[in-house]
Amino acid sequence: MAMKRLVLVGGGHAQLAVLRALARTRPQGLETVLVTPSPWQYYSGMLPGWMAGHYREEDCRIDLRPLADAAGARLLIGAATALEADRRQLRFEQAPADGGGPADSLPYDLLSLDIGSETDTAALAGLAAGRLLAVRPLPAFFTAWPRVVDTARATAGFRLCVVGGGAAGVELALAAAQALRKHATTAQIALVCPPAGLLDGHAEGVRRRVLRQLVAAGITVHLQRAVGEADGLRLVGSPASHTLPPGGRLQAESCPQPDDRLLPADCVLAATGARPQAWLRRSGLACTAAGWVRVDAHHRSLSHAEVFAAGDVCARTDRALARSGVHAVHAGPILAANLLATLDGRPPRAYVPKPRSLYLIACGPRYAIASWGPWSAEGGWVWRWKDWIDRGFIRRHRDAAAARR
Ligand SMILES: Cc1cc2nc3c(=O)[nH]c(=O)nc-3n(C[C@H](O)[C@H](O)[C@H](O)COP(=O)(O)OP(=O)(O)OC[C@H]3O[C@@H](n4cnc5c(N)ncnc54)[C@H](O)[C@@H]3O)c2cc1C
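Residues numbered from 1 in each chain as written. Predicted model: local features only at pLDDT ≥ 70, side-chain atom pairs only at ≥ 80, totals over all residues. Heavy atoms only, no water.

### A short note on the sheet that holds strand β23 (residues 358–362)
Next, step 1: Strand order across the open sheet formed by 3 strands is β23-β24-β25, with antiparallel pairing between neighbours. Both outer strands of the open sheet, β23 and β25 (375–379), are each paired with one neighbouring strand and no more. The sheet shows a mean angle of 15 degrees between the axes of neighbouring strands, direction not considered.
Next, step 2: Bridge count for strand β24 (residues 368–372) against β25 is 5 bridges, and the pairing is antiparallel. When the sheet's bridge partners are listed, Ala-368 is paired in β25 with Gly-379.
Next, step 3: Where helix α6 (residues 204–216) meets the sheet, its contacts fall on β23, β24 and β25, and the angle it forms with β25 comes to roughly 25 degrees. (Pairing = 2+ DSSP bridges. Helix = DSSP H or I, 4+ residues; strand = E, 2+ residues; numbered from the N terminus. Axes fitted to C-alpha atoms, helices over the stretch in contact; angles between N-to-C directions. Contact = heavy atoms within 4.5 Å.)

What follows is the structure in structure tokens.
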């Protein structure tokens with residue numbers, strides 16, 4: 001039987017399931033290569049808890065090396081920087097390290113992409129050097145955040161702005177407030193959300209609960225578009241408002257501010273939504289106008305049948321699918337099954353997402369808000385539930401790797 005090469009690009013949430021499936025099946029005649037810039041896969045769900053001091057960095061990441069080992073996969077430490085899909089070649093600007101000698105390209109028979117996304121910081125590019133900290137890539141954030149805390153401790157009235165109205169922006173702002181309070185800083189924290197408001201797509205009850213937490217943490221909320229300037233954020237457009245029953249209203253409404261004013265910032269944390277890596281658009285793969293890889297319900301490329309993609313990097317053409325860890329995780333077993341089916345010449349399966357996803361939003365202290373369709377709840381018990389799920393996710397992968405040793 002001719003040897004085939006499966007290349008896994010990125011060790012993201014979906015690819016973890018592929019590694020586990022390969023460890024179980026170890027298909028004959030298959031050489032597997034995992035390409036990843038870091039041996040660690042960081043788990044975003046635990047990042048706010050780490051900022052708030054509830055976890056150590058090593059609690060929040062999965063070691064890909066034993067997983068690759070168990071799957072019989074060769075590990076190449078490096079980042080893919082180009083793809084020639086018509087020639088089935090993955091390319092690297094810097095030859096990856098695997099002990100097997102340098103090479104700047106890697107041919108494949110079957111390719112699985114799970115490289116996530118970047119933080120879209122285009123609107124914040126005008127900030128002076130050193131003031132912008134994007135939440136992605138996560139390893140860089142884990143390195144940089146402790147330095148922000150140190151600076152805040154050394155600077156009276158340190159001004160921290162978080163930009164982003166999604167769950168990540170809210171969690172970062174609340175975690176930052178907890179961390180800076182713990183270190184007895186005099187920092188002021190603001191959250192700038194798009195005019196459409198906080199947590200678009202979540203129920204009104206969730207927004208109200210989140211607003212109460214933000215106000216209680218002393219975080220000022222601005223519902224305006226933020227544009228980066230050297231010294232801070234220009235808030236553009238009329239401030240929108242959110243009412244906050246039972247008492248009090250957010251600053252955006254109670255203290256109307258003029259349009260286009262500057263919000264000075266010593267540090268801006270960006271959780272401003274996702275953008276794809278630029279090289280995908282030049283790969284020859286069918287992509288959306290924004291550059292996401294277009295896939296069908298089987299997570300197979302619309303243009304190249306030997307390419308699959310899951311997680312943030314792909315755009316389903318048959319339905320809208322939010323870029324979230326929930327879908328990346330749940331699509332993983334289907335991705336794994338479809339890669340193995342393709343090798344055996346069997347038909348692929350569709351990933352059918354559940355009608356609604358559960359989101360557990362960390363609030364800084366050991367307290368969280370649950371959001372599931374129209375239903376919401378909050379409390380210390382929601383935090384413990386989230387903690388149990390998150391630690392369980394990490395443990396499952398550690399155990400899977402240990403089981404093969
Ligand atoms: C603070 C925060 C909290 C969040 N909380 C939640 C939550 O509670 N629930 C939820 O559903 N979603 C949450 N999300 C969203 C979630 O993180 C993403 O949707 C999810 O990580 C996407 O998974 P992925 O597998 O596509 O990519 P990732 O998990 O980002 O994995 C991509 C992998 O690819 C590697 N890689 C990147 N570029 C290359 C390259 N060029 N070559 C090779 N490898 C590469 C990376 O090193 C990484 O290991 C949160 C996001 C943030 C920022």
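This is not the end of the story, as more comes after the structure.
### Things to note about the sheet that holds strand β5 (residues 73–77)
Next, step 1: Taken together, 5 strands build an open sheet; the order of strands is β5-β2-β1-β9-β21 and the sheet is parallel. For this open sheet the edge positions go to β5 and β21 (307–309), each flanked by a neighbour on one side alone. On average, each strand axis in the sheet is inclined to that of its neighbour by 20 degrees, with strand direction left out of account.
Next, step 2: Contacts from helix α8 (residues 325–344) reach β1 (4–9), β2 (30–36), β9 (110–113) and β21, with the element oriented near 170 degrees to β9.

### Focus: the pairing of strand β13 (residues 188–193)
Next, step 1: With 5 of its 6 residues buried, β13 lies for the most part within the structure.
Next, step 2: In the sheet, strand β12 (residues 159–163) pairs with β13 via 5 bridges, with the strands oriented parallel. Across the sheet, residue Cys-161 finds its bridge partner in β13, namely Ala-190.
Next, step 3: In this region the chain leaves β12, passes through helix α5 (residues 167–182) and returns to the parallel neighbour β13; the handedness of that crossover is right-handed.
Next, step 4: Bridge count between β13 and strand β14 (residues 220–223): 4 bridges; the pairing is parallel. Paired with Leu-191 across the strands is Val-221, a residue of β14. (Buried < 20%, exposed > 50% of the residue type's maximum accessible area, 1.4 Å probe, protein only. Right-handed = clockwise from strand over helix to strand, strands pointing away.)

### Let's talk about the site of the ligand
Next, step 1: By nearness alone, 27 residues border the ligand, and Gln-41, Ser-44, Asp-114, Arg-136 and Asp-312 come closest of all.
Next, step 2: Take Arg-136: an N or O atom from its side chain is 2.7 Å from an oxygen atom of the ligand.
Next, step 3: Look at the ligand: alone it shows 990 Å² of surface, and the protein chains cover 87% of it.
Next, step 4: Breaking the shell around the ligand down by element, the ones donating at least two residues are α5 and α8.
Next, step 5: Top contributing element to the shell around the ligand by residue count: α8, with 3 residues.
Next, step 6: Two domains each donate at least three residues to the shell around the ligand, and these are domain 1 (4–37 + 78–117 + 276–353) and domain 2 (119–273). (Near = heavy atom within 4 Å. Polar contact = N/O pair within 3.5 Å; in protein donor to acceptor, adjacent residues only side chain to side chain. Areas by Shrake-Rupley, 256 points an atom, 1.4 Å probe, with all protein chains shown as cover. Domains from an automatic or database assignment.)

### Section: the environment of Ala-362
Next, step 1: Note on placement: Ala-362 falls in strand β23.
Next, step 2: Look at Ala-362 and you get buried, because its relative accessible area is 4%.
Next, step 3: Remark: the alpha-carbon pair of Ala-362 and Lys-386, spanning 24 residues in sequence, is separated by 8.2 Å.

### Some remarks on the packing of aromatic side chains
Next, step 1: In the structure shown here, the tally under the stated rule is 6 aromatic pairs.
Next, step 2: Their ring planes at 5 degrees and their centres at 6.3 Å tell us that Phe-141 and Trp-145 sit as a pair that is stacked. One end of the pair, Phe-141, and the other, Trp-145, are both in helix α4 (residues 138–154), 4 residues apart, so they sit about a helical turn from each other. When sorted by exposure, Phe-141 lands in the same class as Trp-145, which is buried.
Next, step 3: With a centroid separation of 6.1 Å and 15 degrees between ring planes, the pair formed by Trp-381 and Trp-385 is classed as stacked. Pair noted here: Trp-381 and Trp-385 are both in helix α9 (residues 380–404), with a separation of 4 residues, about one helical turn.
Next, step 4: Judged by its relative accessible area of 28%, Trp-385 is partly exposed.
Next, step 5: Positioned over the ring face of Trp-40 is Arg-61, at 3.7 Å from the centre of the ring.
Next, step 6: Cation over ring: Arg-65 sits above Trp-40, and NZ or CZ is 5.2 Å from the ring centre. (Phe/Tyr/Trp six-rings, centres within 6.5 Å; stacked < 30°, edge-to-face > 60°. Lys NZ or Arg CZ within 6 Å of the ring centre and 35° of its normal.)

### So, the pairing of β23
Next, step 1: Pairing of β23 with β24 involves 5 bridges; the strand directions are antiparallel. Counterpart to Leu-358 in the pairing with β24 is Trp-372.

### A closer look at unusual backbone geometry
Next, step 1: A cis amide bond links Arg-136 to the next residue, Pro-137, at an omega of 0 degrees.
Next, step 2: Structurally, Pro-137 is set in the loop between β11 (132–134) and α4.
Next, step 3: Of note in this structure, His-299 is not a glycine but carries a positive phi near 65 degrees.
Next, step 4: Structurally, His-299 can be placed in the loop between β20 (293–295) and β21.

### A word on the side chain of Arg-316
Next, step 1: Its place among the elements puts Arg-316 in strand β22 (residues 314–316).
Next, step 2: Overall, Arg-316 belongs to the buried group, its relative accessible area being 9%.
Next, step 3: Within the local environment of Arg-316, its side chain forms a polar contact with the side chain of His-299, the two groups lying 3.1 Å apart.
Next, step 4: Here Tyr-351 takes part through its backbone oxygen, which lies 3.0 Å from a polar atom of the side chain of Arg-316.
Next, step 5: Once you skip the residues sitting within four places of it in the chain, Arg-316 turns out to touch Val-295, Asp-296, Ala-297, His-299, Leu-321, Tyr-351 and Pro-353.

### Observations regarding the pattern of salt bridges
Next, step 1: Throughout the structure, instances matching the rule amount to 19 salt bridges.
Next, step 2: Two residues, Arg-65 and Asp-63, come together in a salt bridge whose shortest N-O distance is 3.0 Å.
Next, step 3: Classification of Asp-63 by relative accessible area gives partly exposed; the value is 22%.
Next, step 4: Arg-88 is the partner of Glu-306 in a salt bridge, and the nearest nitrogen-oxygen pair spans 3.4 Å. On the criterion of sequence distance, the pair formed by Glu-306 in the loop between β20 and β21 and Arg-88 in the loop between β6 (82–84) and β7 (89–91) is long-range, its members being 218 residues apart.
Next, step 5: One continuous salt-bridge network, built from bridges that share partners, spans Arg-5, Glu-31 and Arg-74. (Salt bridge = Lys/Arg side-chain N within 4 Å of Asp/Glu carboxyl O.)

Fair warning: the whole summary comes from geometry, so function is off the table for now.
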